[in-house]
Amino acid sequence: MKTPRELKVKPIRNGTVIDHITANKALHVLKILGLPSKEAAVTIAMNVKSAHMGAKDIVKIEGRELQSREVDKIALIAPNATINIVREYEIVGKGKVKLLNNINGLLICPNPNCITNTNEPVISKFHVIDTEPLMLRCYYCERIMNNKDMETQFKQN
């Protein structure tokens, strides 16, 4: 009987590692970030065993550091995620995503009659009313938005 070979994921030289993503949410994270693309090599690990979370996903993006707006969107899908900035194979920055109390301009209100869904120059605003499960309230029409509504938007974008 052969001994199984251990396969290791190649470290990235420069880029971003997103760790502690809620299990099975890595593909949503990729969609938020507009990946895959020709410019960035991406490595994905899904349902990896985790002592802290039970199971988690990990995304490595070679050659790209995330913008704060992208990190804010990731917090909506994976509120426990950590963002590691890698330069010359070393982690030079590490932080946790933080779910903001107010979400501005990141989501579309699911209410078709909301003023944010008209031709008016109004940016969407949501207030976080609960985190487990995540629930948001539209500032203008007071429509409640849940995780399923958000995931639908991330699949479409």
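Rules of the game
- Note that residues are indexed from 1 along each chain, following the sequence as it is written.
- pLDDT decides what is reported in this predicted model: residues at 70 or higher carry local features, side-chain atom pairs at 80 or more are listed and counted, and totals for whole chains, interfaces and linings draw on all residues regardless.
- Note that the side-chain values use all heavy atoms of the structure and ignore hydrogens as well as water.
- The buried label applies to any residue whose accessible area, calculated with a 1.4 Å probe on protein chains only, is under 20% of its type's maximum; exposed applies above 50%, and partly exposed to all values in between.
- Elements are defined by DSSP. Helices are runs of H or I of four residues or more, strands are runs of E of two residues or more, and each kind is numbered from the N terminus.
- A score between 0 and 100, pLDDT records how confident the predictor is in each residue.
- Strands are treated as partners if at least two bridges between them are detected by DSSP.
- In this description, a line fitted to the C-alpha atoms serves as the axis of each element, helices being fitted only across the stretch in contact, and the angle between N-to-C directions of two axes falls anywhere from 0 to 180 degrees.

Our next topic: helix 2 (residues 68-77). Of all 10 residues in helix 2, 7 are buried, a share of seventy percent or more. All of the buried residues in helix 2 are Glu70, Val71, Lys73, Ile74, Ala75, Leu76 and Ile77.

Chain-level pLDDT for the chain is 89 on average; 95% of the residues reach the 70-or-more range. The least confident element of the chain is helix 3 (residues 147-156), whose mean pLDDT is 76; the most confident is strand 4 (residues 82-87), at 96.

What links the strands of a sheet is backbone hydrogen bonding, and the strands pair in either a parallel or an antiparallel sense. Across the sheet, 5 strands lie side by side as 2-3-1-4-5; this open sheet has antiparallel pairing. Edge positions in the open sheet fall to strand 2 (42-50) and strand 5 (90-96), since each of these has one partner strand only. Averaged over all adjacent pairs, the angle separating strand axes in this sheet is 20 degrees, with direction ignored. In terms of strand pairing, strand 1 (residues 15-22) meets strand 4 through 5 bridges, oriented antiparallel. Across the sheet, Gly15 pairs through a bridge with Val86, a residue of strand 4.

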